[in-house]
Amino acid sequence: MSALTALTIADARAGLAARTFSARELVDAHIAAVEAGRGLNAFVAETFDHARAGADAADARLAAGEGRLLEGIPLAVKDLFCTKGVRSQACSKILEGFAPPYESTVTANLWSAGALMLGKTNMDEFAMGSANVTSADGPVVNPWRRRGEDKPLVPGGSSGGSAAAVAARLCLGATGTDTGGSIRQPAAFCGIVGMKPTYGRCSRWGMIAFASSLDQAGPLTRTVEDAALMLQAMAGHDPRDSTSIDRPVPDYAASLTGSVRDLTIGVPAEYRMEGMPAEIEALWADGVRWFREAGATVVDISLPLTRYALPTYYIVAPAEASSNLARYDGVRYGLRVEGDDPAEMYARTRAAGFGREVRRRILIGTYVLSAGYYDAYYLKAQKVRTLIARDFEAAFESVDAVLTPTAPFAAFAIGEKMDDPIAMYLNDVFTVPASLAGLPAISVPAGLTADGLPLGLHLIARPFDEPTLFRAAGVLESAAAFGHRPPAPGEAEAA
Amino acid sequence: MSAPGYRIQGREGEWEIAVGLEVHAQVISEAKLFSSAPTAFGAEPNSQVSLVDAAMPGMLPVINRHCVAQAVRTGLALEAEINLTSVFDRKNYFYPDLPPGYQISQYSRPIVGRGRVVLDLEDGAQRTVGITRLHLEMDAGKSIHDRRADATCVDLNRAGVALMEIVSEPDIRSPEEAGLYLRKLRSILRYIGTCDGNMEQGSLRADVNVSVRRPGGALGTRCEVKNLNSVRFVMKAIEVEAARQVELLEDGGAVELETRLFDPDRGVTRSMRSKEEAHDYRYFPDPDLLPLTLDPAWVDAERARLPELPDVRKARFMADHGLSAYDAGVLVAARGIADLFDEVADERDAKRVANFIMGPLFGALNRAGIDNEDCPVPADALAALIDRMADGTVSNQGASTVIQTVVSTGRDVDAIIEEKGLRQVSDAGAIEALVEQVIADNPDKVADYRDGKTKLAGWFVGQVMKASGGKANPRAVNEALRARLDG
């Protein structure tokens, strides 16, 4: 593995600014890594020419001292983002061959900050999944292995390709999207940082919709500081997204002061889930201890409605998805399977184009919105969602951040949990409440399981209080001193 | 109160009808409700389609503020409650000309609540029709089935265009009232410039809900007749649908809640879908759009900006110019005409102006196939013509000819008078010479007249007019003749 691919974004910026290496060298090193790492199936499209051309332009700017925030930084982009002229298929067969004539706001923001795209990353189809096994482009392999085993593990999902690519040093950072945990859970499974900003912080324009009231773009990186740098470029108001919030984007990296002495961290009793592995409990306790040692106040809190979060999420998200995915009808773009009349064409197209999990969620969503069921399911779920948000509001009157595990278990083998959707949905049990409340949250790699797999700790903060979230996460990162990395492709773990 | 009059004579006595209208009015706006694509009528298929209208992946709707203002103005003109918070919902159904698979509409929380429209009946009485609500929604595209044998084509130019759905209470009691309601509503929309009211181009379409009952009884089960695109069809559809229901009920049947279509060629309604076949639209709030909130101060400013509305204007015309209710009602129906009257009648004989507008001007517009609303005659031209009539420069007949030319060419009134030789001869000497000539040529008629056959006066006037080539001022001719014959 080249030294250039082991850099953080912050280090790479410094090296580029000092002309220690060129953007072209940085990009070429990553192109070689992507090629060597193809066995992970993390990328579904490679845009090397684009990256090389961009690197040369970046070098010119850097030489002129005009480097921007992410000048010359090679990134990967989740296939859910529309990228102009480059396949944007949400890893679904129904969008086969779709390359949009427009660029999503979030990726456009990254490119105008000087970042470069290496390619598009694999994901669960339409972001529906927690193991990257529902992708029409096949499963992604987690670069981590259980100690002494070679069984391929899932990277988590839905941003599994992005998480695997960042963990395996194929890119310096990647975009993800998080609807119920799709950035944070794969970050935890792959031993990296995954951050979901406040709902409305990043524009959803040009992001293929799963559940509009929950979807948020965010960064996957190897450090908290890198996440802060990436979000800095991604965030901002966009008049083309009515749910985007018009308020200034603070200097996130500057918020990483290393001090949490003035912060109160809450530990919610309700996240102590039955059957959760002892090593996750222990890691959580480590997190508490680290914060105390760093001078923070840690208090027990209650978020009483936590147990309703997952059922609420699995009503609201499929309801919105059932409507959002109605546009994939074979009429204007993507896959079309002809029929004798429109109804037959729809049925054939959608049966052939959508995978099982997507079909399941469309059916659930259609059901909960149907006449006679709407009040009992959708309306009730919306009320519970409001109450869950109030739970957090109440908690945030006395604490600045909430500390929980990111997921109730570590990465599992590809093929596991496939026959039980409910077991699969449990992946998101700790991440979904913050999604429902629209709160910023981050997963920080904090330890390993006994058999050597990464585990994450999860912090949740007040709306638009990303600075506090990054500050606390930075302290957690330093205290955990994770330092582990998966073996490079074709190499045994060096540990 | 039900209006006296409209009753359906069944075999077993009289029936009364109750009708409510749902009018879809296309909002006058350069851009669509949720995208910046243009809305001009008659453009090349699919030339006015944005990424949002085509429901491309990842595209998001953004509400057009102008359309919101138009809906609020309409609500204010209908004397309706303006809801300071309203919500956009998705109405989900699959159709090839509906790209997102849902129509963005307002279901449980519309932007405008209860209001009213006052109708002027022919006998001078008034009736009030309640408005239930007005909401904003986007239009669908158009499926074209006859362009290709092997496929249906879709034109998305109309997809996303802003519509106001204006729903009335079932207060209408006759086909005529339905026609009056639709015309009055159209007049109001045109006054405030929120809908051009053009039914041929589909800017205004109506669905009618029809039920029948024994006079004074409880409302019967209604049927909805959809997509009527002229006032005449609305009236006819109500008439035949009500008759169908009466016949059905008298035969011992029951009216089923259903959606029907009007076949104008055969003059019948046909079932389109029954209640059982009705769609489940799965309405839910559109998560891409925040609730729409209005600033009360802004609503008040819009209220202050409203022009004088037809009812108020009519009352003013009656009070200020002594017009009859009927004449005032006719003049205010089209705003352009009312504006014309306002400008010209001031300091002139208002009755003469009113009569000229309702007679020769309306005739000329009709002959040219121009809607009264689009009257091209400028106020100064009409004023000049009225003045030329008043001072005897042109005859009433001549003025009718002039106005036709003004309507079709837009040319100057005095130039037309000269060119067409319509200037009347009022010169006393010239007229007296003609009178002398006619008297000299007809001694026997003069004798008859002087013997008491005074009815011949008219004949003499005709002869003099004829001799003048129709240019003599008839009043001057009359005076000169009388002086000569009676003197």
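Reading the values: rules and limits
- Residues numbered from 1 in each chain as written.
- Chains lettered and ligands numbered in written order.
- Predicted model: local features only at pLDDT ≥ 70, side-chain atom pairs only at ≥ 80, totals over all residues.
- Heavy atoms only, no water.
- Helix = DSSP H or I, 4+ residues; strand = E, 2+ residues; numbered from the N terminus.
- Rg over C-alpha atoms; globule rule 2.2 N^0.38 Å.
- Buried < 20%, exposed > 50% of the residue type's maximum accessible area, 1.4 Å probe, protein only.
- Contact = heavy atoms within 4.5 Å.
- Areas by Shrake-Rupley, 256 points an atom, 1.4 Å probe, with all protein chains shown as cover.
- Pairing = 2+ DSSP bridges.
- Phe/Tyr/Trp six-rings, centres within 6.5 Å; stacked < 30°, edge-to-face > 60°.
- Lys NZ or Arg CZ within 6 Å of the ring centre and 35° of its normal.
- Buried area = accessible area lost by both parts, 1.4 Å probe.
- Salt bridge = Lys/Arg side-chain N within 4 Å of Asp/Glu carboxyl O.
- Polar contact = N/O pair within 3.5 Å; in protein donor to acceptor, adjacent residues only side chain to side chain.
- Nonpolar A, V, L, I, M, F, W, Y, C, P; charged D, E, K, R; others polar.
- Axes fitted to C-alpha atoms, helices over the stretch in contact; angles between N-to-C directions.
- Expected span 1.5 Å × (residues − 1).
- Arc of directions from axis to C-beta.
- Patch = residues over 30% accessible without salt bridge, like charges linked within 9 Å, V, L, I, M, F, W, Y side chains within 5 Å.
- Domains from an automatic or database assignment.
- Left-handed = near helix turned anticlockwise from the far one by under 90°.
- Disulfide = S-S within 2.5 Å.

> Outline the overall build of chain B, listing residues and values.
Scanning chain B from N- to C-terminus turns up 15 helices and 16 strands. By the compact-globule yardstick of 23 Å for 487 residues, chain B is too spread out, its C-alpha radius of gyration being 29 Å. When the backbone C-alpha atoms are referred to their principal axes, chain B occupies close to 90 × 55 × 55 Å. Going through the 487 residues of chain B one by one, you find that 52% of them count as buried. In chain B, the share of contacts with a sequence separation of at least 24, taken over all contacts with a separation of at least 6, comes to 68%. Surface accessibility of chain B: about 22,300 Å² in total, with carbon and sulfur atoms responsible for 49%.

> Describe the pairing of strand 5 (residues 102-105) of chain B, listing the residues and the values that go with them.
The two faces of the sheet receive side chains in turn, since in a regular strand these alternate between them. Residue and element names in this part refer to chain B. Residues of strand 5 alternate between two faces, with Tyr102 and Ile104 on one and Gln103 and Ser105 on the opposite face, all of them buried. Of the pairings in the sheet, the one linking strand 4 (residues 89-92) to strand 5 comprises four bridges and is antiparallel in character. Considered in strand 5, the bridge of Asp89 is made with Ser105.

> Give a detailed account of unusual backbone geometry, specifying residues and quantitative values.
Residues and elements named next belong to chain A. Cis peptide bonds are those with omega within 30 degrees of zero, and the linkage from Gly157 to Ser158 qualifies with 10°. Within the secondary structure layout, Ser158 lies in the loop between strand 3 (116-121) and helix 5 (160-167). The backbone of Ala127 shows a phi angle near 65°, a positive value even though the residue is not glycine. By secondary structure assignment, the location of Ala127 is in the loop between strand 3 and helix 5.

> Go over the packing of aromatic side chains with me, naming the residues and quoting the values.
Residues and elements named next belong to chain A. Going through the model one piece at a time under the given rule, you end up with 26 aromatic pairs over all chains. With a centroid separation of 5.4 Å and 40° between ring planes, the pair formed by Phe98 and Tyr333 is classed as tilted. Here Tyr333 lies in the loop between helix 9 (306-324) and helix 10 (342-353) and Phe98 lies in the loop between strand 2 (74-78) and helix 4 (105-112), a separation of 235 residues in the sequence. A relative accessible area of 6% means that Phe98 is categorised as buried. Cluster of aromatic residues (ring-pair linked, three or more members): Phe98, Phe126, Tyr328, Tyr333 and Phe354. Looking at Arg240, its charged tip hangs above the ring of Trp205, at a distance of 3.6 Å from the centre.

> I'd like a rundown of the interface of chain A and chain B, residues and numbers included.
Counting from both sides, the interface comprises 38 residues of chain A and, opposite them, 29 residues of chain B. Across the interface of chain A and chain B, roughly 2,700 Å² is buried in total on both sides, 60% from carbon and sulfur atoms. Linking chain A to chain B there are one salt bridge. For Arg204(A), the salt bridge identified is with Asp288(B), shortest N-O distance 3.1 Å. Where chain A touches chain B, the interface holds 16 residue pairs in polar contact (both at pLDDT 80 or more). Elements represented by at least two residues in the side of chain A that touches chain B include exactly helix 9 and helix 10 of chain A. The biggest single contributor to the side of chain A that touches chain B is helix 9 of chain A, with four residues. When the residues that make up the side of chain A that touches chain B are grouped by side-chain class, the tally is 21 nonpolar, nine polar and eight charged.

> Lay out the sheet that holds strand 5 of chain B in plain terms, naming residues and giving numbers.
Strand order across the open sheet formed by three strands is 5-4-15 (chain B), with antiparallel pairing between neighbours. Two strands close off the open sheet at either side, each with one partner strand: strand 5 and strand 15 (284-285) of chain B. Against the sheet, helix 9 of chain A touches strand 4, strand 5 and strand 15 of chain B, its axis set at about 60° to strand 4 of chain B.

> Give a detailed account of the sheet that holds strand 1 (residues 43-46) of chain A, specifying residues and quantitative values.
Residue and element names in this part refer to chain A. Ordered by their spatial adjacency, 11 strands build an open sheet running 1-3-2-4-6-5-10-11-9-7-8, and the pairing between neighbours is mixed. Of all strands in the sheet, those with a lone pairing partner are strand 1 and strand 8 (297-301), marking the two edges. Direction aside, neighbouring strands of the sheet carry axes that sit 30° apart on average. Where strand 4 (residues 173-178) meets strand 6 (residues 216-221), six bridges bridge the pair, whose relative direction is antiparallel. What sits directly across from Ala174, in strand 6, is Leu220. The strands that helix 7 (residues 224-234) touches are strand 2, strand 4, strand 5 (193-196), strand 6 and strand 10 (441-448); relative to strand 6, the one it contacts most, it runs at about 145°.

> Break down the side chain of Asn473(B) for me, with residues and values.
Structurally, Asn473(B) can be placed in the loop between helix 14 (456-467) and helix 15 (474-486). Once you skip the residues sitting within four places of it in the chain, Asn473(B) turns out to touch Gly392(B), Gln424(B), Val425(B), Ser426(B) and Ile431(B).

> Any details on helix 5 (residues 310-321) of chain B? Residues and values, ideally.
All names here are of chain B. In this model helix 5 runs 16 Å from its N-terminal to its C-terminal C-alpha over 12 residues, within 8% of the 16 Å that 1.5 Å per residue would give. The complete set of buried residues in helix 5 reads Pro310, Arg313, Lys314 and Phe317. Looking straight down helix 5, one finds that the buried residues subtend no more than 105° of arc, so they occupy a single side. Opposite its buried face, helix 5 presents the exposed residues Val312, Ala319 and Asp320, each directed more than 90 degrees away. Contacts from the buried residues of helix 5 go to strand 6 (115-120), strand 7 (126-138), helix 2 (175-192), helix 6 (325-332) and helix 7 (335-345). One or two residues past the end of helix 5 sits Gly322, with phi positive at roughly 65°.

> Describe in detail a nonpolar patch on the surface, supporting the description with residues and values.
Where nonpolar side chains cluster on the molecular surface, the patch consists of Tyr367(A), Tyr373(A) and Tyr377(A) and spans about 280 Å² of accessible area. Tracing the chain through its elements places Tyr373(A) in the loop between helix 11 (356-368) and helix 12 (375-395).

> Which residues make up the domain arrangement of chain B, and what values go with them?
Split into domains, chain B comes out as domain 1 (3-301), domain 2 (308-419) and domain 3 (428-486). Computed over C-alpha atoms only, the centres of domain 2 of chain B and domain 3 of chain B are separated by 33 Å.

> Outline the packing of helix 1 (residues 65-77) of chain B against helix 4 (residues 296-305) of chain B, listing residues and values.
All names here are of chain B. Taken N-terminus to C-terminus, the directions of helix 1 and helix 4 make an angle of 65°; their axes are 10 Å apart at the nearest point. Seen along the crossing, helix 1 lies across helix 4 with a hand that is right-handed. Every residue of helix 4 that contacts helix 1 at Val68, Ala69, Val72, Arg73 and Leu76 is listed here: Trp298, Val299, Glu302, Arg303 and Arg305. Along the lines of polarity and charge, the residues of the contact of helix 1 with helix 4 split into six nonpolar, no polar and four charged.

> Account for helix 7 of chain B, with residues named and values stated.
All names here are of chain B. Inspection of helix 7 places Ile337, Ala338, Leu340, Phe341, Asp342, Val344 and Ala345 among the buried residues, and these make up the whole buried set. Elements that come into contact with the buried residues of helix 7 comprise helix 2, helix 5, helix 6, helix 8 (350-367) and helix 9 (379-390). Positive backbone phi, at 70°, marks Glu347, one or two positions downstream of helix 7.

> An account of the state of the cysteines is needed here, citing residue identities and associated values.
Scanning all chains against the criterion turns up zero disulfides over all chains. For Cys67(B), which is in no disulfide, the shortest distance to another cysteine sulfur is to Cys195(B) and amounts to 12 Å.

> Describe the environment of Glu22(B), with residues and values.
Residue and element names in this part refer to chain B. Relative to the assigned elements, Glu22 resides in strand 2 (residues 13-26). By relative accessible area, Glu22 is classed as buried at 16%. Residues Glu22 and Ile131, spaced 109 residues apart in sequence, show a C-alpha to C-alpha distance of 9.8 Å. Polar contacts involving the side chain of Glu22 include one to the side chain of Asn209, which spans 3.3 Å.

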